Every structure is written in structure tokens, then in C-alpha cells.
Amino acid sequence: MAVPWMAHFMLEQDLLREWIKKAKAGDPDAFERILLLHERTVLRFAERLLGNSEDAKDAAQEVFVRLHRHLGRFREESEFGPWLYRVTANVCHDARRRRKPAVPADEIEIFDPAPTPEQELTAAQNHALLMSALETLSEHERAAIVLRDMESCTTAEVARILGSSETTVRSQISTGRVKIRNFLMKKLRRRA
């Protein structure tokens, strides 16, 4: 007996394959449907890799330009999601190399000038701390952590997306988590 959500997922995958086939044949409406279906995921992933929304918006735009330009190379028997994550990771990698050096994470002060309720302030500070901690990681560690812990990909999916082995991904995630924990402990000690 089929699980209801699984049937829905399979229907979505079939529909996505149909849109890809039509977009490859030059149908602009099909490409727009693909873009609308994935734009939030790409933007969220790019923001987590790059650390700010403006760079992420630029990167997301570049992802969809590349997607449009290279969709013909996509093999229809492959999974689209991991391929799109890989394109996004590559675009973000290129963007990080091109941009000017950011303010060192140790010099970032977390301050919200607008009066907000305590919970919102705490959430904003925690988000800023996490983004600062992600900045301390190598590019590979950051991508592995974001895909595994924030995008909920499996280790196998992360390895496929990043073009590495599962062992390498597990090592990058482990090392990255230790670095994040150390960064956060250091920041918390400073506040205390």
C-alpha cells in the first residue's frame, strides 16, 4: 500500500520531469514553473553559504541564469534537487572568491537598534551568531554543514552534491561542528 505523502511526492517528481523536458525544448512557461518551485530553496541555501541576503539574491539570480543556460546538459534520469544544490554551491563559491574580505567574525558586534520583544532579539542574535560562526569555517565545511544540518540532506546526498565521498563529508561536518561550538563558547564567555 502506498504512503499518501509518497504518492504526492512521486506526482511532483513526474511533474518536475515534465517541466524540465518542456523547458529543455524551449518552453519559457515550464522554465518559470521550475524557477518558482525552487527559488526559495536556492535563496535560503545561498544566504546560509554567503552570510547575507544581498549576496544571496545576486547568487540566486546567477544560479537561475546558469540553470537556463545549461539546462540542456541536465540528464533527465538524474535527480534535479542535488544538481541544483551543486550549481548553487558553485555559484556561491565563485561569489565568495570575488567579493572583498568581510569584517573578521571576531569583530562583528551583534546589535539590533530597533526595540523588539526579547524573544525576537534573542532569535536575531542567535541567527547572527550562527552566521558569524559559519563564516569561520572553510568553504567545504560550511557547505557540508548547511546542507546536512540546515537543509536536512542526508550524508549521501551531501556527498553527491559536493562531489566528495561520504567519509569526507562526515569529516567536514564533524570538524565544522567543533569549530562552531568553539566559536560560540568563546563568544558566550566574552559576554559573561
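None of the values given here were measured: they were computed from a predicted structure.

Definitions and cut-offs
Residues numbered from 1 in each chain as written. Predicted model: local features only at pLDDT ≥ 70, side-chain atom pairs only at ≥ 80, totals over all residues. Heavy atoms only, no water. Helix = DSSP H or I, 4+ residues; strand = E, 2+ residues; numbered from the N terminus. Buried < 20%, exposed > 50% of the residue type's maximum accessible area, 1.4 Å probe, protein only. Contact = heavy atoms within 4.5 Å. Areas by Shrake-Rupley, 256 points an atom, 1.4 Å probe, with all protein chains shown as cover. Phe/Tyr/Trp six-rings, centres within 6.5 Å; stacked < 30°, edge-to-face > 60°. Salt bridge = Lys/Arg side-chain N within 4 Å of Asp/Glu carboxyl O. Expected span 1.5 Å × (residues − 1). Axes fitted to C-alpha atoms, helices over the stretch in contact; angles between N-to-C directions. Parallel < 35°, antiparallel > 145°, perpendicular 65-115°, else oblique. Left-handed = near helix turned anticlockwise from the far one by under 90°. Polar contact = N/O pair within 3.5 Å; in protein donor to acceptor, adjacent residues only side chain to side chain. Core = buried A, V, L, I, M, F, W, Y, C linked by side-chain atoms within 4.5 Å.

Asker: Sorry if this is basic, but what is going on with the overall build of the chain here?
Answerer: Looking only at helices and strands, the chain has eight helices and zero strands in total. Looking at the 192 residues of the chain, the share that counts as buried comes to 32%. Nonlocal contacts in the chain, meaning residues at least 24 apart in sequence, comprise 65% of its contacts between residues at least 6 apart. For the chain, the computed accessible surface area is about 12,200 Å², with 54% contributed by carbon and sulfur atoms.

Asker: Just checking my understanding: could you explain the packing of aromatic side chains for this structure?
Answerer: The geometry of an aromatic ring pair comes down to the distance between the two centres and the angle between the two planes. Summed over all chains, the structure comprises four aromatic pairs. Ring geometry for F45 and Y85: centres 5.0 Å apart, planes at 90°, overall edge-to-face. With a gap of 40 residues between them, F45 in helix α2 (residues 28-50) and Y85 in helix α4 (residues 80-98) connect regions that are remote in the sequence. Taking relative accessible area as the criterion, Y85 reaches 14% and is therefore assigned buried. Relative to W83, the ring of F74 has its centre 5.0 Å away and its plane inclined at 45°; by these criteria the two rings are tilted. On the basis of relative accessible area, F74 is assigned to the buried category, the value being 3%.

Asker: What should I look at first to understand the pattern of salt bridges in this one?
Answerer: Here the idea is simple: oppositely charged side chains can pair when their charged atoms come close. Going through the model one piece at a time under the given rule, you end up with 12 salt bridges. The partner of R48 in a salt bridge is E151, with the nearest N and O atoms 3.0 Å apart. Of the two residues, R48 is situated in helix α2 and E151 in the loop between α6 (139-150) and α7 (155-162); the sequence distance between them amounts to 103 residues. The exposure class assigned to E151 is buried, which follows from its relative accessible area of 9%. A cluster of three or more residues bridged by salt bridges with shared partners is formed by E62, R66, D94 and R97.

Asker: For this particular structure, what's the right way to read α6?
Answerer: Count 3.6 residues to each turn of an α-helix, and residues three or four apart come out pointing the same way. Taking 1.5 Å per residue as the helical rise, α6 with its 12 residues ought to reach 16 Å, and the 15 Å between its terminal C-alpha atoms agrees with that figure. For α6, every residue scored as buried is listed here: E141, R142, A143, A144, I145, V146 and L147. Note on α6: the residue one or two positions beyond its end, S152, has a positive phi of about 60°.

Asker: Can you help me understand the packing of α2 against helix α3 (residues 53-70) in this one?
Answerer: For any two helices packed against each other, the geometry comes down to the angle between their axes and how far apart the axes lie. Interaxial distance between α2 and α3 falls to 8 Å at its minimum, and their mutual angle equals 140°. Here α3 runs oblique to α2, going by the angle between their axes. Crossing geometry of α2 relative to α3 is assigned as right-handed. Here α2 contributes F31, I34, L35, H38, E39, V42, L43, A46, E47 and L50 to the contact with α3, which in turn contributes S53, D55, A56, K57, A59, A60, V63, F64, L67 and H68.

Asker: In this structure, what is going on with the side chain of E151? I would like to understand it.
Answerer: At 2.7 Å, the side chain of E151 forms a polar contact with the side chain of R44. A distance of 2.9 Å separates the side chain of E151 from the side chain of Y85, its partner in a polar contact. Not counting residues within four places of it along the chain, the set of residues in contact with E151 comprises T41, R44, F45, R48, Y85 and V146.

Asker: Even after reading the chapter, I still don't get the nonpolar core, so can you show me in this structure?
Answerer: Here is a general trend for soluble globular proteins: nonpolar side chains tend to be buried in one another's company. If you look at the biggest cluster of nonpolar residues, it comprises 47 residues, and the most contacted ones within it are I34, L67, L71, F80, L147 and L162. Residue assignment for this core shows that the elements contributing at least two residues are α1 (4-24), α2, α3, α4, α5 (118-135), α6, α7 and α8 (166-191). Setting aside chain neighbours within four positions, we find L71 in contact with I20, A23, K24, F31, R66, F80 and W83.

These results come straight from atomic positions and should not be treated as a statement about function.
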